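# Structural characterization, general
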Amino acid sequence: MARLSLPGPADVGRFALIAGLTALAYALTGWLSLKLAAYVANVVAAIWLAAGIGAMASLRFGAAGVVGVLLGALAVNSLNLPLEDAARFALGAAAGAWIMGTLPRYLQPFSPTLDYVSSVSKFALVAAPLGCAVSALTGVFTLYFFGGLSADLLLRGLWVWWLGDLLGVYLIAPLLLTASRWDLLPTNKGARLEGLTLVLGMLALTLAMMEYVEPLRPAEIVLFVMVPAVLWAALRFSVTGASLAIFLAAIIVMGVAVVSYGGINSATTPRDVFALQISMLTMALGGLFVSAALTERRYSEMRLDMLANHDPLTGLPNRSYFQDFLGHALARAQREKSQVSLLFIDLDRFKHINDSQCHEVGDQVLRIVANRLDEQLRADDFVARLGGDEFAVILNHPPASRAASRVARKLNQALGESFKLGQRRYAIGASIGISVYPDDALDANTLLRQADLAMYQAKQRRSGFEYFSSELNTVAQQQLSLESGLRQALERNELALVYQPKVDLASGRVVGLEALIRWLPRSGNIIGPEQFIPVAEETGLIVPVGRWVVRAACEQWITWCDAGLDPPPVAVNLSPRQLSDARLIEDVDAILKDTGMDPAYLQLEVTESAAMDNPARTFGILDALRQRGLHVYIDDFGTGYSNLGQLKRMPIDALKIDKSFVDDVMTDSDDAEIVNAIIRLAHALKLRVVAEGVERVEQLEFLRQNGCDEIQGYLISKPQAPDKVSAQFAETFRF
């Protein structure tokens, strides 16, 4: 059985404080209402301001507010009634306040600040009328049965009491409930002047009517002066301004009633009382509904603005907002002769987390990064998410050399700290590129491009952060020229394939060819793959280029067959971007069908790092290729990060030892041991082994002694054109 937890001293003290302050406020406003306006039997006030205190206290503070209403009502009513009747009045007031504070909680959604039309409707048209009806019924029937209220005054007393309570709620409760939204009020000088003009206008028109209208009824002031003023305040100054205008209007009208007629008393005709109450209710409801509608519209505009200018995942400003802010920051820096540093941030290892885990984990990582960036920066610094895993920071500072270095180091340190999601711990890093206005550029687009270039240099050097330099611009222009030329090379048929033989060490026969791409521009200067392949990878051109290579290699193999030659299998390299291309399998099928290539004579080489980047997806693709009869090789083995468990499950036929290990196999014992271990491992997994980059006889002898199956390199042949390499198909190499 669960133990009942008793409230602590702090809770009891808070409850008592709220109840006491509510009781005091209720008693004071009730006393003021009785002094200003008593109508039936000198007890029932035409405007019961205390009801507004009760509604607000119950909504805001719950039980403590209701107890305060009970005590305050008991105190104020005991001034004019016997204690027993005052207690009944107090119970009725507390019950009404409880209804007004409790019912809206069951009519969700509900906003206590009354800044939505639905909230105003639930409070002003449902909760307040019901709560005031309970209070009025309790009070009037108490007077009727115990206080001597005559039957002919019963209906009138009930009506006046209910409207008086309701009017008090409408005048006081919204003002107190919306006090927390003063931030919605315009704060500029023009708005303050307009508000002052509105208040002075209300007073001036009221004085004019008191002077020139005879007889003057307070209801007329409400209809002709206060209602337009309240509606104007609602249109211009939001829900808080409307609530304040309603309250000021009520004070002015009650002041007129007191000054002109000595208050609303038994001599005031029922018609005038009813007209005043209805006119003030109309004024209050009109102001509340109009202001709530406009505030709701303002919230919608703010949400739309938030969606348009902020990233929904992290809440940071988006690229559009960033570009606007950067333009303004540069303009201000030009005026103030200051500097602007732009930090372009790209996350390291994020793609691996996003691909290997679910995208929900990647989203959580981005939120953590956004929070860390926001925590590390000053309030006047600007950080935005540009898209994907790219962020940008704008720093405005006095002219100083390398002023952004400290910030970059701090951000790198913060982003490099590990974090835990679920049961796993992750760690990422960041590469940051920095460009500075006006040293590096004078416009926003150039500054961003240069920071991007510096970021790529930081990523390549793994230095954490780099500043932009003019040399980066030269490299960027060269890369842009290569990209443009490569696009044209595909259209102009400027690409060509050369082939390097692979020789079986046991037989000395050529057992395979590796197709290698070359670019032969019309200028005549051959461009090697080491120059244009990185650009093709970065820009995505590697996909159409790789598709061309597969088709050209298959067509050449068929040409050799048609010429009566017996060509060995031909191998083609697949890039990481091709492995992530959804159309890879479809493209291979189409090429095999169009060319008539025998799948058993097509080998596909995949680097170890590319295969391990997303093992689940890669293994599925490789398995689908092998099911079609193709053979799969792992290229550059030993340079990646595969483990034995993954290697055992990988659907492959052979391993290729990277040239970097073969180069020093005769002089470096570590490399020799690594090569020997790879050969033994491959044979244990029933895979063939190909050694790349064999250039000396000593290397060949070492490989043969350790059981390597095939070799490839300059010792056999350099890459050759199709017509020259075909002469080696029937050749037997003697070692």
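As a reminder, the structure under discussion sits directly above these lines.
These lines cover the structure that appears in this document, whether it is placed above or below. Within each chain, residues carry numbers counting from 1 in the order of the written sequence. With the structure being a predicted model, the display of local features is reserved for residues of pLDDT at least 70 and the display and counting of side-chain atom pairs for 80 or more, all residues being used for whole-chain, interface and lining totals. Where side-chain values are given, they derive from all heavy atoms of the structure, hydrogens and water being excluded.

Next up on the list: the layout of surface pockets. With a 1 Å grid laid over protein atoms only, a set of points is called a cavity when a 1.4 Å probe fits there but cannot get out and a pocket when it is open yet has protein on both sides within 12 Å along at least five of seven lines; lining residues have an atom within 4 Å of a point. Grid points are joined across faces, edges and corners, and a volume is the space filled by probe spheres set on the points. Its volume calculated, the second largest pocket comes out at about 900 Å³. Taken together, 33 residues form the lining of the second largest pocket, with Glu-514, Leu-516, Pro-529, Asn-573 and Asp-635 sitting closest to its centre. Put simply, the parts of the chain that give the lining of the second largest pocket at least two residues each are strand E11 (510-519), helix H16 (529-539), helix H17 (542-562), strand E12 (570-574), helix H18 (576-579), strand E13 (602-607) and strand E14 (631-637). Working definition: helices are DSSP H or I runs of at least four residues, strands are E runs of at least two. Numbering for both runs from the N terminus. When residues of the lining of the second largest pocket are assigned to their parent elements, the largest contribution, 5 residues, is made by E11. Residues are grouped as follows: Ala, Val, Leu, Ile, Met, Phe, Trp, Tyr, Cys and Pro are nonpolar; Asp, Glu, Lys and Arg are charged; all remaining types, including Gly, are polar. Residues of the lining of the second largest pocket, tallied by class, amount to 13 nonpolar, 9 polar and 11 charged.

Counting buried positions over the 9 residues of strand E8 (residues 429-437) gives 9, a clear majority of the element. A 1.4 Å probe rolled over the protein chains alone gives each residue an accessible area, and that area as a share of the maximum for its type sets the label: buried under 20%, exposed over 50%, partly exposed in between. Burial along E8 is two-sided: the residues Gly-429, Ser-431, Gly-433, Ser-435 and Tyr-437 and Ala-430, Ile-432, Ile-434 and Val-436 are all buried. By the bridge criterion, 9 bridges tie strand E3 (residues 339-348) to E8 in an arrangement that is antiparallel. By the bridge assignment, Val-340 is partnered in E8 with Tyr-437. One bridge is not enough; two strands pair if DSSP finds at least two bridges between them. The pairing of E8 with strand E9 (residues 465-467) spans 3 bridges and is classified as parallel. Across the sheet, Ile-432 pairs through a bridge with Phe-465, a residue of E9. By convention a crossover is right-handed if, when the strands point away from the viewer, the path from the first strand over the helix to the second runs clockwise. Assessed by its sense of winding, the connection that carries the chain from E8 through helix H14 (residues 444-461) to E9 is left-handed.

Moving on, we come to the pattern of salt bridges. A side chain with one charge can pair with a side chain of the opposite charge if their charged atoms come near. What makes a salt bridge here is a side-chain nitrogen of Lys or Arg within 4 Å of a carboxyl oxygen of Asp or Glu, nothing more. With the rule as written, the count across this model stands at 23 salt bridges. The partner of Glu-194 in a salt bridge is Arg-236, and the shortest N-O contact between them spans 2.8 Å. Taken together, the residues Glu-194 in helix H7 (residues 189-212) and Arg-236 in helix H8 (residues 218-261) connect sequence positions 42 residues apart. Given a relative accessible area of 18%, Glu-194 falls into the buried group. Relative accessible area serves as the criterion here: at 41%, Arg-236 is assigned to the partly exposed category. Two residues, Arg-626 and Asp-653, come together in a salt bridge whose shortest N-O distance is 3.0 Å. Taken together, the residues span a long stretch of sequence, with Arg-626 in helix H21 (residues 615-627) and Asp-653 in the loop between helix H22 (644-649) and strand E15 (654-657) at a distance of 27 residues. In the salt-bridge network here, residues are joined through shared partners; they are Lys-502, Glu-514, Glu-605, Lys-656 and Glu-692.

Bringing the environment of Glu-530 into the picture now. Within the element layout of this structure, Glu-530 appears in helix H16. Taking the C-alpha atoms as reference points, Glu-530 and Arg-319, separated by 211 residues in sequence, lie 34 Å from one another.

Turning next to unusual backbone geometry. The peptide bond linking Gln-108 to Pro-109 adopts the cis configuration, its omega dihedral lying at 0°. By the element assignment, Pro-109 lies in the loop between helix H4 (83-102) and helix H5 (117-146). The residue after Tyr-437, namely Pro-438, is reached through a cis peptide bond having omega 5°. In this structure, Lys-337 is a non-glycine residue whose phi angle is positive, near 55°. As for its placement among the helices and strands, Lys-337 is situated in the loop between helix H10 (319-336) and E3. The phi dihedral of Lys-686 is positive, around 60°, even though this residue is not glycine.

A complete count under the given rule lists 3 cavities of 30 Å³ or more for this structure. Estimated volume of the largest cavity: approximately 140 Å³. Taken together, 16 residues make up the lining of the largest cavity; nearest its centre are Trp-48, Asn-77, Phe-89, Trp-161 and Asp-165. Listing elements by their share of the lining of the largest cavity, those giving two or more residues are strand E2 (44-45), helix H3 (63-77), H4, H5 and helix H6 (154-177). The element best represented in the lining of the largest cavity is H4, accounting for 4 residues. Across the lining of the largest cavity, the residue classes break down as 9 nonpolar, 5 polar and 2 charged. In this structure, the second largest cavity encloses a volume near 100 Å³. Contributing elements (two or more residues each) for the lining of the second largest cavity: H17 and helix H19 (584-595).

Our focus in this paragraph is the packing of H19 against H21. Only the stretch in contact is used when a helix axis is fitted, and all axes are lines through C-alpha atoms; the angle between N-to-C directions ranges over 0 to 180 degrees. Contact geometry for H19 and H21: axes closest at 11 Å, N-to-C directions at 15°. Taken together, the axes of H19 and H21 are roughly parallel relative to one another. In terms of crossing hand, the pair formed by H19 and H21 is right-handed. Across the interface between the two elements, Leu-584, Ile-585 and Val-588 of H19 pack against Ile-621, Ala-624 and Leu-625 of H21. Considering only residue class, the contact of H19 with H21 consists of 6 nonpolar, no polar and no charged. Here roughly perpendicular refers to angles of 65 to 115 degrees, roughly parallel to angles under 35, roughly antiparallel to angles over 145, and oblique to all remaining angles. Two helices cross in a left-handed way if the nearer one is turned anticlockwise from the farther one by less than a right angle. They cross in a right-handed way if the turn is clockwise. Throughout, a contact is declared for two residues whenever any of their heavy atoms are within 4.5 Å.

Our focus in this paragraph is the sheet that holds E9. Ordered by their spatial adjacency, 5 strands build an open sheet running E4-E5-E3-E8-E9, and the pairing between neighbours is mixed. Both edges of this open sheet fall to strand E4 (382-387) and E9, since each of them pairs with a single strand only. The mean angle between the axes of side-by-side strands here comes to 20°, regardless of whether they run parallel or antiparallel. Sheet analysis places E3 next to strand E5 (residues 390-397), joined by 8 bridges and oriented antiparallel. By the bridge assignment, Ser-341 is partnered in E5 with Leu-395. Its contacts with the sheet place helix H13 (residues 405-416) against E3, E5, E8 and E9, and it is angled at close to 165° to E8. Most of the contacts of H14 go to E8, to which it runs at about 145°, and overall it touches E3, E4, E8 and E9.

Before going further, it helps to spend a moment on the packing of aromatic side chains. Any two rings among Phe, Tyr and Trp, with Trp reduced to its six-membered ring, count as a pair given centres within 6.5 Å; such a pair is stacked if its planes are under 30 degrees apart, edge-to-face if over 60, and tilted if neither. Scanning the model with the defined rule gives 12 aromatic pairs in all. Plain terms: the ring middles of Phe-325 and Phe-382 are 4.0 Å apart, the flat faces sit at 10° to each other, and that makes the pair stacked. Here Phe-325 is found in helix H10, whereas its partner Phe-382 is found in strand E4, with 57 residues between them in sequence. A relative accessible area of 26% places Phe-325 in the partly exposed class. When its relative accessible area of 7% is taken as the criterion, Phe-382 is described as buried. Grouping aromatic residues by their ring pairs yields a cluster made of Trp-159, Trp-162 and Phe-274. Definition used: whenever NZ (Lys) or CZ (Arg) falls within 6 Å of the ring centre and also within 35 degrees of the ring normal, the charge is taken to sit over that ring. The ring of Tyr-714 has Lys-718 lying over it, and the distance from NZ or CZ to the ring centre is 5.4 Å.

These results come straight from atomic positions and should not be treated as a statement about function.
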